[in-house]
Amino acid sequence: MNVNIEFLDKEPIENMITSLHFCLDKIIFFGYHDEIIRQKEQTKKFLKDVCGVAEVSFFAVSQTSLKDVLKVMREQIGKEYEQGNTVYFDLTGGESLILVAFGMLANEFDAPLHQYLVEKDRLVELTPENAHQISRDVKRQEIRLNLDQYISMQGGEINHRLHKGSKDLSDEAFRKDIRNIWKISKQHEAVWNAFSEFLPKLSRSSNAEVLEVRMRKENVHALLREHAGLRNSGKLDAILEDCAAAGILSGLEHEDVYSFIYKSKTLREVLWEAGSILELHTYLAEEESTSDCMVGVHLDWDGRLHEKASEDVYNEIDVLTLRGYIPTFISCKNGNVNQMALYELETVASRFGGKYAKKVLVAPQGLSYGHRLRAEEMGIIVKRDITDPDDQD
């Protein structure tokens with residue numbers, strides 16, 4: 001039996017990473033009492049369900065006494081050798097006291113030491129002279145997590161019931177339409193938000209199935225005079241014409257009567273929600289270079305979904321991606337950005353991504369100098385467009 005000895009770290013991926021790459025029969029965690037209580041059940045479930053580990057055990061050790069740590073560890077590790085098992089010492093994660101104990105006991109038992117570098121996705125074997133090496137002795141497996149599994153590993157859950165159907169990008173024609181709308185929004189960037197806020201005013205029907213818009217010109221102009229940011233009918237006409245040329249609208253007229261038909265309800269929603277096109281553009285750009293990517297993600301705080309959504313505590317993140325075992329939390333802000341947006345991004349990334357999570361704020365209008373400094377202090381990458389290579393103001 002191949003047994004991996006680990007320290008139960010606060011960072012879940014460090015507890016799982018070796019088992020995601022090797023078919024281990026048993027994992028023994030040594031850790032602090034409170035951390036064992038907090039993580040025991042979800043760690044055991046994940047290792048068994050996802051990694052195929054048959055046995056998972058936990059033993060509490062002292063936070064202050066090396067002598068006591070060595071006593072507990074020596075007793076349990078000794079039992080594994082008595083049963084004829086092959087033992088591997090895993091230094092991934094852990095704190096100084098435990099790492100000292102691991103080193104001492106590995107030397108005492110002549111056991112192989114290894115460490116997994118999560119960000120580099122690479123195994124480092126620290127005792128190459130040892131007769132046993134996990135890379136030689138243990139069958140490899142390559143389990144690549146999806147976002148549902150990653151969030152579950154962190155003790156949360158993605159609530160797919162709250163996911164908007166309009167953000168299903170499986171249809172290639174829809175994806176093409178999104179790219180076209182993005183180009184139009186960039187051409188009219190200064191007034192795009194105002195345009196999106198104004199557009200629903202032209203639809204007077206209470207029936208959501210009605211996609212046709214028809215309103216007399218004088219009535220449209222009256223509405224424009226009351227709408228800050230888009231008081232010039234020429235700007236409205238120009239955007240509508242660009243949308244019609246891209247096939248987003250059909251039958252466009254704006255002489256005596258403003259008249260057109262939306263291509264679909266889904267695209268109407270994209271046009272009506274000012275920030276929606278930024279989120280969808282970001283998703284399409286990220287999807288090309290990630291192992292998993294979602295848009296409009298609702299993350300349940302404790303991983304237990306209730307029958308009524310109102311009973312759940314959740315955070316929403318605009319775009320969530322996974323590259324290897326590194327998640328990226330992306331917040332898209334199409335208007336002015338306040339400091340609260342930074343704290344919200346920091347909170348959700350810390351809770352559901354851990355220390356390896358990357359945080360990106362996409363803000364086409366940029367940030368104030370003070371907010372940029374605060375973002376930098378919080379480790380948040382700020383971009384005007386997700387495709388920008390570096391932080392840009």
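Let me sum up the structure you'll find in this document. Every chain's residues receive numbers from 1 upward, in the order its sequence appears when written. This being a predicted model, a pLDDT of at least 70 is required before a residue's local features are given, and a value of 80 or more before pairs of side-chain atoms are given or counted; all residues contribute to the totals for chains, interfaces and linings. Heavy atoms throughout the structure, all of them, feed into the side-chain values; hydrogens and water do not.

1. A look at the environment of Asn 4
Rules: We count a stretch as a helix when DSSP gives it H or I for four or more residues in a row; a strand needs E for two or more, and each element gets its number in order from the N terminus. Here, residues are in contact when the closest pair of their heavy atoms is within 4.5 Å. Polar contact criterion, stated in full: a pair of N or O atoms within 3.5 Å, where within protein one must be able to donate a hydrogen and the other to accept it, and residues adjacent in sequence count only if both atoms are side-chain atoms.
Inspection of the secondary structure assignment puts Asn 4 in strand 1 (residues 2-7). Between the alpha carbons of Asn 4 and Ser 196 there is a distance of 56 Å; along the sequence they are 192 residues apart. Excluding residues within four positions of it along the chain, Asn 4 makes contact with Thr 18, Leu 24, Lys 26, Ile 27, Ile 28, Tyr 88, Asp 90, His 114 and Ile 134. There is a polar contact of 3.0 Å between the side chain of Asn 4 and the side chain of Glu 6. Within the structure, Asn 4 has its side chain in polar contact with the side chain of Asp 90 (distance 3.1 Å).

2. Let's talk about helix 4 (residues 96-109)
The condition is simple: In a helix, the anticipated span is given by 1.5 Å times the number of residues less one. Accessibility here uses a 1.4 Å probe with only protein chains present; expressed as a share of the type maximum, an area under 20% marks a residue as buried, one over 50% as exposed, and anything in between as partly exposed. When we speak of the arc, we mean the arc of directions from the helix axis to the C-beta atoms.
The terminal C-alpha atoms of helix 4, which comprises 14 residues, lie 20 Å apart, in line with the 20 Å expected from a rise of 1.5 Å per residue. Leu 97, Ile 98, Ala 101, Phe 102, Leu 105 and Ala 106 are the residues of helix 4 that are buried. All buried residues of helix 4 project into a common sector of 160 degrees when viewed along the axis, lining one side. Away from the buried face of helix 4 by more than 90 degrees, exposed residues Ser 96 and Asn 107 are located. The inward-facing, buried residues of helix 4 abut strand 1, helix 3 (66-82), strand 4 (86-90) and strand 5 (113-117). Trailing helix 4 by a residue or two, Asp 110 shows a phi angle of about 55 degrees, which is positive.

3. Here we look at the packing of helix 13 (residues 339-353) against helix 14 (residues 369-377)
A pair of packed helices can be characterised by two numbers: the angle between their axes and the separation between those axes. Selection rule: Working convention: axes come from line fits to C-alpha atoms, limited for helices to the stretch in contact. Angles between N-to-C directions cover 0 to 180 degrees. Just so you know how the angles are binned, under 35 degrees is roughly parallel, over 145 roughly antiparallel, 65 to 115 roughly perpendicular, and the rest oblique. When the near helix sits turned anticlockwise from the far one by under a right angle, the crossing is termed left-handed; a clockwise turn instead gives a right-handed crossing. By the convention adopted, Pro, Cys, Tyr, Trp, Phe, Met, Ile, Leu, Val and Ala count as nonpolar, Lys, Arg, Asp and Glu as charged, and the other residues, Gly among them, as polar.
Where helix 13 contacts helix 14, the two axes come as close as 10 Å, and the packing angle between them is 15 degrees. When the axes of helix 13 and helix 14 are compared, the pair comes out roughly parallel. Read as a crossing pair, helix 13 and helix 14 show a hand that is right-handed. On the side of helix 13, the interface is formed by Gln 339, Leu 342 and Tyr 343, while helix 14 contributes His 371, Arg 374 and Ala 375. In terms of residue class, the contact of helix 13 with helix 14 is made up of 3 nonpolar, 2 polar and 1 charged.

4. Things to note about the pattern of salt bridges
Using the following cut-off: A pair is scored as a salt bridge if a Lys or Arg side-chain nitrogen falls within 4 Å of a carboxyl oxygen belonging to Asp or Glu.
Evaluation of the coordinates by the stated rule reveals 19 salt bridges. When the shortest N-O distance is used, the salt bridge between Asp 177 and Lys 263 registers 3.0 Å. On the criterion of sequence distance, the pair formed by Asp 177 in helix 7 (residues 172-187) and Lys 263 in the loop between strand 10 (257-262) and helix 11 (265-272) is long-range, its members being 86 residues apart. Owing to a relative accessible area of 6%, Asp 177 belongs among the buried residues under this scheme. Glu 218 is the partner of Arg 216 in a salt bridge, and the nearest nitrogen-oxygen pair spans 2.8 Å. Judged by relative accessible area, which is 46%, Arg 216 ranks as partly exposed.

5. Observations concerning the nonpolar core
Cut-off, in case you're wondering: Take the buried residues of types Ala, Val, Leu, Ile, Met, Phe, Trp, Tyr and Cys, join any two whose side-chain atoms come within 4.5 Å, and each joined set is a nonpolar core.
Residues Leu 20, Leu 145, Leu 299 and Phe 329 are the most contacted members of the largest nonpolar core, which totals 54 residues. If one sorts the elements of this core by residue count, helix 13 sits on top with 6 residues. Discounting residues that sit within four places of it in the chain, Leu 20 has contacts with Ile 13, Phe 46, Val 50, Cys 51, Gln 141, Glu 142, Ile 143, Leu 145 and Tyr 325. In this structure, Ile 184, Leu 199, Leu 236 and Leu 240 belong to the second largest nonpolar core, which totals 46 residues.

6. Let's talk about the pairing of strand 6 (residues 122-125)
This is how the line gets drawn: Pairing between strands is defined by DSSP: at least two bridges between the two strands are required.
In terms of strand pairing, strand 5 meets strand 6 through 4 bridges, oriented antiparallel. Bridging across to strand 6, Gln 115 finds its partner in Val 124. Here strand 5 folds back onto strand 6 in antiparallel fashion, the turn holding 4 residues, of which Asp 121 has a positive phi close to 50 degrees.

On their own, these measurements won't tell you what the molecule is for.
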